[in-house]
Amino acid sequence: MGINYLYQEYEVSRNMDRCINCRVCERQCANEVHSFDKDKNIMRSDDVNCVNCHRCVALCPTRALKIVKTDHTFKENANWRGSIINEIYKQAESGAVLLSSMGNPNNYPVYFDKILLNASQVTNPSIDPLREPMETKVFLGSKPKSIQRDKDGRLINNLSCGIELSVPIMFSAMSYGSISYNAHESLARAAKEAGILYNTGEGGLHKDFYQYGSNTIVQVASGRFGVYKDYLEAGAAIEIKMGQGAKPGIGGHLPGAKIVGDISKTRMVPEGSDAISPAPHHDIYSIEDLRQLVYSLKETTNYKKPVIVKIAAVHNVAAIASGIARSGADIIAIDGFRGGTGAAPTRIRDNVGIPIELALASVDQRLRDEGIRDNVSIVVGGSIRNSSDIVKAIALGADCVYIGTAALLALGCHLCRSCQTGKCNWGIATQSPELVKRLNPDIGFKRLVNLVGAWEHEIKEMMGGMGINSIESLKGNRLMLRGVGLSEKELQILGIKHAGE
Amino acid sequence: MLKEGQIRIPSGCAISGIFSKSGKRVSGESIIKSIATMHDRSNGLGGGFAAYGIYPEYKDYYALHVFYDGDTSQEECEKFLERHFDIINLSKIPTRKTPRITDAPLIWRYFVTPLPTKLAESQLDEKEFTARCVMKINMGIDGAYVFSSGKNMGVFKAVGYPEDVGEFYKLEEYSGYCWTAHGRYPTNTPGWWGGAHPFALLDYSVVHNGEISSYDANRRTIEMYGYKCTLQTDTEVITYIIDYLNRKIGLSLEEISGVVAAPFWQVINSMPKEENEKYTYLRNVFSSLLITGPFSILVGFEGGMMALNDRLKLRSMVIGEKDDMVYAASEECAIRVIEENLDRVWSPKGGEAVIATLNRGVI
């Protein structure tokens, strides 16, 4: 056996005075960190396998456990940081591409944290959402350019099909396969209960979940897994996934080992074969090809389903969005570089794409400059962390947001960023039956509904403070925003003023 | 200090309106008396009037009222007008010296009609052609500002208390079937005449009391449709929204009130099917033109006047009726002072449009 160059990042700290040797931690840890030493009659830990997911900590009945960052260190070096050195050791050992999960964790600017909201004082009144109606309903989809009347002069409904949401929040695409059956059930039921939509991702739609169709976005991605007529007709909308914020320009790969049972059936991929989503759609090499796919899907579904085109926020996102807005799509979804993933090459996740705040601001402005903002609605994700991020995103110009990571956190995810191992102790990013059953959909769906409801309350409070009683008056209302500590250029791109101006 | 248009200035206000359904033309004295009653609602930093039916002898021509900073801007603007319009008549607008109105710009009036060749070349209709020319002058000619551009109507405004503005413009010498008035209470001001209200485009004029919270959402939307909000005032954006929805899209004023002061969903949900579908459609299609925050507005247009409050009625507004006359004002006293014995007086609900139009066959 060669030398082990790596020292574990985390250490399990066990308070021996509290530990009662109940062995819950041992049973709960799929990474086999904990074990019972019969000879000494104590619990032991093998820290090397710990991913810091807090499952053992949360379930320890005597609160004997905590996970601490190791203080073991390399010689301090601002350039060759410990994490960088360790990655080289790993790659020198394996010869492989580094993989990571969830969103980019690095220290790039978070523009949402540098934007502040307005409130009414004196010249107009703030509105109390507990006393007055405060409206958060939104419609997504393209708007007609003119009105039509019947022979009696009544307005004819000439709207193309769209999406109605009780709050401008949707659960973003996470496939059955990347997350568990129970996680999907929780999302689907929560979407129905909250009056919003969830998204199948590229994993097809399990037959059990067709009943939630009116709250479902069905995704068509480059692998076309699980796509057939009934699937397209099952959902409230169809999303063409062109890109993902966590890995722009990269496809997906679900290993054959995970293509078993229902996942195989739902994806329509034979058991045991790898499900590989190519980096591009091989029938879309340019914008005119996208238009054909948009209309193919519309033809297939009799123009009854709005089509969303999801792209990753990359450098020329505004020009790309402008093309999409003229392609027949009804909605553009933009995924920022901090968006989550079940697995992505680390270098891609951490270095490709741009912040969603800047992408959103430039897309919204560009579509307005070109007079085509009404052609499409804009949905943004990657990453929306709380209700104030939502309010800021909408004031920058979004119609709605996608939340993925936040939804998983509500289900118990602790952001240990080890989804790619398939050993999620919280029953979310795993297909192992004994782990999946840890996530109870009856509880999971309620926690998601709670989260959406809590955010709705907060959005209403913030809107009321600004004297706005309907969310459509917040959309693109950039005067309600001020930047702090931002450069002239950043303010210009965001289209906002600096605090104090 | 930044001028109006370079900075957004919130203001409180008083508004008043008089309308004769039979088309009876009344002089400006009554409206001055009415708005003067609400003296304390303004602070002397802006007042103005819109009057309809005042130019019957020139009723087929656009009446352009223009402020000039000096001779240079006037020369440049008149050259522009000559290139685009047939100028039927031009004159200084008559004013009276009063110590309470100072720093007056040059104030001119032109009765014009678009040159047929220019109009044909532009492939626009007459109103759109005229509106675009007005915007071109206001944006492109430094020191020139067209503040009134409708037919058989005119706006008169200045920095000062409204009653003094009325005296300054000799409004007792004009008579119209509709008058609206405005007294302004800006929280700060550079004291620019163009910033006073009413704000007008073609024959639409708006006087407004309030501060809308949806301003930038509305502005960024309406600018996408070819308007340019140079003043950054609520009144300007509201005028453009009404012009867009009425003249360009073809919505009725009642439908427009369902867009800008839309009923709440809980109200829409309890409406009969047809109404429900109508208001849902309007709120969906024109969602970005919903106006929130306090406002009471009087919209003057050819042959009519509309009074409208925000959906929560966060600003006072009272309507009075006497025979063929309809009155609207921020306070009841401003109506009672000119008509003591009203047939009916009431406060319309938030979002409930009160629309008065000329009786059939009048004018």
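What you are looking at is a predicted structure, and each value in this text was computed from that prediction instead of being measured.

So, the sheet that holds strand S11 (residues 199–201) of chain B
Working definition: the strands of a sheet are paired by backbone hydrogen bonds and lie parallel or antiparallel to each other. Residue and element names in this part refer to chain B. Strand order in this open sheet of five strands is S11-S12-S13-S14-S18, and the pairing throughout is antiparallel. Two strands close off the open sheet at either side, each with one partner strand: S11 and strand S18 (354–357). Within this sheet the neighbouring strands show an average axis-to-axis angle of 15°, counted without direction. Direction of pairing for S11 relative to strand S12 (residues 204–210): antiparallel, over a ladder of three bridges. Bridged to Ala 200 within S12 is Ser 205. Against the sheet, helix H8 (residues 253–260) makes contact with strand S13 (295–301), strand S14 (304–309) and S18, and its axis sits at roughly 20° relative to S14, the strand it touches most.

Let's talk about the environment of Glu29(B)
Residue and element names in this part refer to chain B. Summarising the element assignment, Glu 29 is placed in helix H1 (residues 29–37). On the accessibility criterion, Glu 29 (52% relative accessible area) is exposed. Residues Glu 29 and Glu 173 lie 144 residues apart in sequence; the distance between their C-alpha atoms is 8.7 Å.

A closer look at the UniProt feature "binding site: [4Fe-4S] cluster 1" (unreviewed entry) in chain A
Residues and elements named next belong to chain A. The UniProt record annotates "binding site: [4Fe-4S] cluster 1" (unreviewed entry) at Cys 19, Cys 22, Cys 25 and Cys 60. Maximum C-alpha separation among the annotated residues is 10.5 Å over a sequence range of 42 residues, consistent with a single clustered spot. With respect to the helices and strands, the residue Cys 22 is situated in the loop between strand S1 (10–14) and helix H1 (24–28). If we skip the residues at most four places from it in the chain, Cys 22 touches Arg 27 and Pro 61. With respect to the helices and strands, Cys 25 occurs in helix H1. Residues within four places of Cys 25 in sequence aside, it is in contact with Arg 14, His 34, Met 43, Cys 56 and Leu 65.

Things to note about empty space enclosed by the protein
Space left empty within the atom packing is revealed by a probe, the size of a water molecule, rolled over the atoms. Overall, the coordinates contain eight cavities of 30 Å³ or more when judged by the stated rule. Approximately 160 Å³ is the volume attributed to the largest cavity. Around the largest cavity, the lining is made up of 16 residues, and of these Lys137(A), Val138(A), Phe139(A), Glu472(A) and Ser287(B) lie nearest the centre. Broken down by secondary-structure element, the contributors of at least two residues to the lining of the largest cavity are strand S7 (138–140) of chain A together with helix H10 (273–285) of chain B. In terms of residue count, S7(A) provides more of the lining of the largest cavity than any other element does, three residues in total. Classifying every residue of the lining of the largest cavity gives seven nonpolar, three polar and six charged.

Some thoughts on the environment of Val307(A)
Residues and elements named next belong to chain A. Mapped onto the elements, Val 307 comes out in strand S17 (residues 307–312). Look at Val 307 and you get buried, because its relative accessible area is 0%. Residues Val 307 and Asn 124, 183 residues apart in the sequence, show an inter-C-alpha distance of 40 Å. Once you skip the residues sitting within four places of it in the chain, Val 307 turns out to touch Ile 238, Ile 240, Val 294, Leu 297, Lys 298, Ala 329, Asp 330 and Ile 331.

Quick word on the domain arrangement of chain A
All names here are of chain A. Along its sequence, chain A is organised into domain 1 (10–96) and domain 2 (166–472). Between the C-alpha centres of domain 1 and domain 2 there is a distance of 33 Å. Summing both partners gives a buried area of about 1,000 Å² for domain 1 against domain 2, and 48% of it is carried by carbon and sulfur. Of all residues in domain 1, the largest losses of buried area upon contact with domain 2 belong to Ala 30, Cys 53 and Arg 55, amounting jointly to 47% of the total for that side. At the surface where domain 1 touches domain 2, the tally comes to one salt bridge. Among the ionic pairs, Glu 87 bridges to Arg 347, the shortest N-O distance being 2.8 Å. Its residues assigned to classes, the side of domain 1 that touches domain 2 comprises five nonpolar, four polar and three charged.

As for the packing of aromatic side chains
Centre-to-centre distance and the angle between the planes together describe a pair of aromatic rings. Here the structure, examined in full by the defined rule, presents 24 aromatic pairs over all chains. An angle of 90° between the planes, with centres 4.9 Å apart, marks the rings of Tyr55(B) and Phe111(B) as edge-to-face. Taken together, the positions of Tyr55(B) in the loop between strand S3 (47–52) and strand S4 (62–68) and Phe111(B) in strand S6 (residues 106–114) put the pair 56 residues apart, joining distant regions of the chain. Grouping residues by exposure puts Tyr55(B) and Phe111(B) together as buried. For the ring pair Phe85(B) and Phe129(B), a centre distance of 5.7 Å and an interplane angle of 65° mean the geometry is edge-to-face. Pair noted here: Phe85(B) is in strand S5 (residues 85–92) and Phe129(B) is in helix H4 (residues 126–140), with a separation of 44 residues, a long-range link. Each of the two residues, Phe85(B) as well as Phe129(B), counts as buried. By way of ring pairs, the aromatic residues Tyr55(B), Tyr58(B), Phe67(B), Phe111(B), Phe147(B), Phe156(B), Phe168(B), Tyr169(B), Tyr174(B) and Trp193(B) are connected into one cluster. Over the ring of Trp426(A) we find Arg55(A); its NZ or CZ atom is 4.8 Å from the centre of that ring. Over the ring of Tyr295(A) we find Lys298(A); its NZ or CZ atom is 5.9 Å from the centre of that ring.

Describing the sheet that holds S5(B)
Residues and elements named next belong to chain B. Taken in spatial order, the four strands of this open sheet run S5-S6-S4-S7, and their pairing is antiparallel. Each end of this open sheet is capped by a strand with a single partner; those strands are S5 and strand S7 (144–148). Pairs of neighbouring strands in the sheet enclose a mean axial angle of 30°, with direction left out of account. With seven bridges connecting them, S5 and S6 associate as antiparallel partners. Its bridge partner lying in S6, Phe 85 is registered against Pro 114. Running at roughly 10° to S6, helix H2 (residues 71–84) makes contact with S4, S5, S6 and S7 of the sheet.

Section: the interface of chain B and chain A
In this assembly, 41 residues from chain B lie in contact with 43 residues from chain A. Its largest share of buried area at the contact with chain A, chain B owes to Arg220(B), Met224(B) and Tyr281(B), together 22% of the area lost on that side. Counting the contacts that link chain B with chain A gives six salt bridges. Scanning the region where chain B abuts chain A turns up 24 residue pairs in polar contact (both at pLDDT 80 or more).

Calculation criteria
- Residues numbered from 1 in each chain as written.
- Chains lettered and ligands numbered in written order.
- Predicted model: local features only at pLDDT ≥ 70, side-chain atom pairs only at ≥ 80, totals over all residues.
- Heavy atoms only, no water.
- Pairing = 2+ DSSP bridges.
- Helix = DSSP H or I, 4+ residues; strand = E, 2+ residues; numbered from the N terminus.
- Axes fitted to C-alpha atoms, helices over the stretch in contact; angles between N-to-C directions.
- Contact = heavy atoms within 4.5 Å.
- Buried < 20%, exposed > 50% of the residue type's maximum accessible area, 1.4 Å probe, protein only.
- UniProt positions renumbered as here; feature names shortened; annotations may be inferred.
- 1 Å grid on protein atoms, 1.4 Å probe; cavity = no way out; pocket = protein on both sides within 12 Å on 5 of 7 lines; lining within 4 Å.
- Points joined across faces, edges and corners; volume = space filled by probe spheres on them.
- Nonpolar A, V, L, I, M, F, W, Y, C, P; charged D, E, K, R; others polar.
- Domains from an automatic or database assignment.
- Buried area = accessible area lost by both parts, 1.4 Å probe.
- Salt bridge = Lys/Arg side-chain N within 4 Å of Asp/Glu carboxyl O.
- Phe/Tyr/Trp six-rings, centres within 6.5 Å; stacked < 30°, edge-to-face > 60°.
- Lys NZ or Arg CZ within 6 Å of the ring centre and 35° of its normal.
- Polar contact = N/O pair within 3.5 Å; in protein donor to acceptor, adjacent residues only side chain to side chain.

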